[in-house]
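# Inside the fold
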Amino acid sequence: LVHGDCWVNNLLFQYDKGTGKAVKAVLIDLQVMREACPTLDLIYLLFTSTTREFRTAHLDGMLHLFHDRFLHYCALYNVQPYEGFDFEELKRRFHASKLLGYMMTLMLLPIILKDPTEALDMEKLSVKEGADMMEMFEELIKMGKEGNNSLYHKRLLQVAEEMHRDGVI
């Protein structure tokens, strides 16, 4: 099972009182859970909720942690993981999912990086009733481009550069 909407706003963290570091995380908002490749949640989370600097410094460690925990929970619940699901296979699947990470970045960064003092008013979208999802996402991207949201532009450019560097686009 994958969460399906795995980004920072759908995580609750428990912090160590002494160090202030997160020691546990719980996923909430489970209405789009489904059976799919687990790298989809990883891609979604890492490209929408982290910076290029974080991914460059910690991606391998994050993938190792995920792989170890995934196998741990498969054993705990007596579920067989994918055949041949070793660390190299996880990395291969992660790379194959990167285009989704790029698309999710395009669609979600306007919402994620919106000024927190301004509520996102979905009523202000100029999308007509009955419009398809693509039209709504195009409008959200347009909202992210408006004004002087330099963080949005920086993050979008960084993800595009990563995708180019990794041969995805």
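Above this text is the structure in question.
Residues numbered from 1 in each chain as written. Predicted model: local features only at pLDDT ≥ 70, side-chain atom pairs only at ≥ 80, totals over all residues. Heavy atoms only, no water.

Here strand β1 (residues 11–15) pairs with strand β2 (residues 22–27) via 5 bridges, running antiparallel. Note on β2: the bridge partner recorded for Gln14 is Lys24. Between β1 and β2, which follow one another and run antiparallel, lie 6 residues, and Gly20 among them has a positive phi close to 75 degrees. (Pairing = 2+ DSSP bridges. Helix = DSSP H or I, 4+ residues; strand = E, 2+ residues; numbered from the N terminus.)

As a packed pair, helix α2 (residues 52–76) and helix α6 (residues 150–165) sit with axes 10 Å apart at the nearest point and diverge in direction by 40 degrees. Comparing their axes, α6 and α2 come out oblique. In this structure, α2 uses Arg52, Glu53 and Arg55 to contact α6, whose residues at the interface are Gln158, Val159, Glu161 and Glu162. Of the residues that constitute the contact of α2 with α6, the class distribution is 1 nonpolar, 1 polar and 5 charged. (Axes fitted to C-alpha atoms, helices over the stretch in contact; angles between N-to-C directions. Parallel < 35°, antiparallel > 145°, perpendicular 65-115°, else oblique. Contact = heavy atoms within 4.5 Å. Nonpolar A, V, L, I, M, F, W, Y, C, P; charged D, E, K, R; others polar.)

Counted according to the given criterion, the structure contains 6 aromatic pairs. Aromatic side chains Phe66 and Phe70 sit 5.8 Å apart centroid to centroid with 25 degrees between the ring planes, which places their arrangement in the stacked category. Here Phe66 pairs with Phe70, and both are found in helix α2, just 4 residues apart, close to one helical turn. The aromatic ring of Tyr82 is capped on one face by Arg93, whose charged end is 4.3 Å from the ring centroid. (Phe/Tyr/Trp six-rings, centres within 6.5 Å; stacked < 30°, edge-to-face > 60°. Lys NZ or Arg CZ within 6 Å of the ring centre and 35° of its normal.)

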